[in-house]
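Coordinate inspection notes
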Amino acid sequence: MIQLSSTATIEILRLRAKSQEPDPKLRIAVVNGVCLPLSYSLSFDSGEQPGDQTYRCNEITVLINSKALPYVDGLVIDYSEDLMGGGFRFHNPNALQTCSCGNSFAISESR
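This write-up is about the structure you can find in this document. (Residues numbered from 1 in each chain as written. Predicted model: local features only at pLDDT ≥ 70, side-chain atom pairs only at ≥ 80, totals over all residues. Heavy atoms only, no water.)

**Topic: the side chain of Asp52**
Along the chain, the position of Asp52 falls in strand 4 (residues 52-57). A relative accessible area of 11% means that Asp52 is categorised as buried. At a separation of 2.7 Å, a polar atom in the side chain of Asp52 contacts the side chain of Arg27. Separated by 2.7 Å, the side chain of Asp52 and the backbone nitrogen of Gln49 make a polar contact. In contact with Asp52, other than residues within four places in its own chain, are Arg27, Gly47, Leu63, Ile64 and Asn65. (Helix = DSSP H or I, 4+ residues; strand = E, 2+ residues; numbered from the N terminus. Buried < 20%, exposed > 50% of the residue type's maximum accessible area, 1.4 Å probe, protein only. Polar contact = N/O pair within 3.5 Å; in protein donor to acceptor, adjacent residues only side chain to side chain. Contact = heavy atoms within 4.5 Å.)

Here it is in structure tokens:
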């Protein structure tokens, strides 16, 4: 299960209102990382793909491919503003290592 903090929910709803997608849903993906092997990707998508799992978090429908789910199960997404600007923060209990920017991560090789 993936969780969105209240501040992440507010920011996602704000961004969703600007989206050009019809009925936009939040897609969470795991892609090749820069600093470490894996990285998070957030985007809006209007349709489900084969293998997608659908969740409801607060007021947001979340799509995630079932192959990526083991890497992000238990993920908490937060949003915060600081002196360097705002951004999403990822708190992943499966990550053994994260880079300083917090977007790339590594997990156990056994997954």
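**What about helix 1 (residues 6-18)?**
With 13 residues, helix 1 should reach 18 Å at 1.5 Å per residue; the first-to-last C-alpha distance of 19 Å fits that figure. Restricting attention to buried positions, one finds in helix 1 the residues Ala8, Thr9, Glu11 and Ile12. Taken around the axis of helix 1, the buried residues stretch over an arc of 165°, which confines them to a single face. With respect to the buried face of helix 1, the exposed residues turned more than 90 degrees away are Ser6, Ile10, Ala17 and Lys18. Structurally, helix 1 contributes buried residues whose contacts are with strand 1 (3-4), strand 2 (25-32), strand 3 (38-45), strand 5 (60-65), strand 6 (76-82) and strand 7 (85-91). (Expected span 1.5 Å × (residues − 1). Arc of directions from axis to C-beta.)

**A look at the nonpolar core**
Counting 23 residues, the largest nonpolar core has Leu4, Val62 and Ile64 as the members making the most contacts within it. With sequence-adjacent residues up to four places away left out, Ile64 is seen in contact with Ile2, Ile28, Gly51, Asp52, Gln53, Tyr55, Leu69 and Val72. (Core = buried A, V, L, I, M, F, W, Y, C linked by side-chain atoms within 4.5 Å.)

**Here's the deal with the pairing of strand 6**
In this structure, strand 1 lies alongside strand 6, joined through 2 bridges in parallel fashion. Bridging from a neighbouring strand, Leu4 pairs with Ile77 of strand 6. In this sheet, strand 7 lies alongside strand 6 in antiparallel orientation, the contact comprising 7 bridges. Note that in strand 7 the partner of Ser80 across the bridge is Gly87. Hairpin connection from strand 6 to strand 7: 2 residues lie between these consecutive antiparallel strands. (Pairing = 2+ DSSP bridges.)

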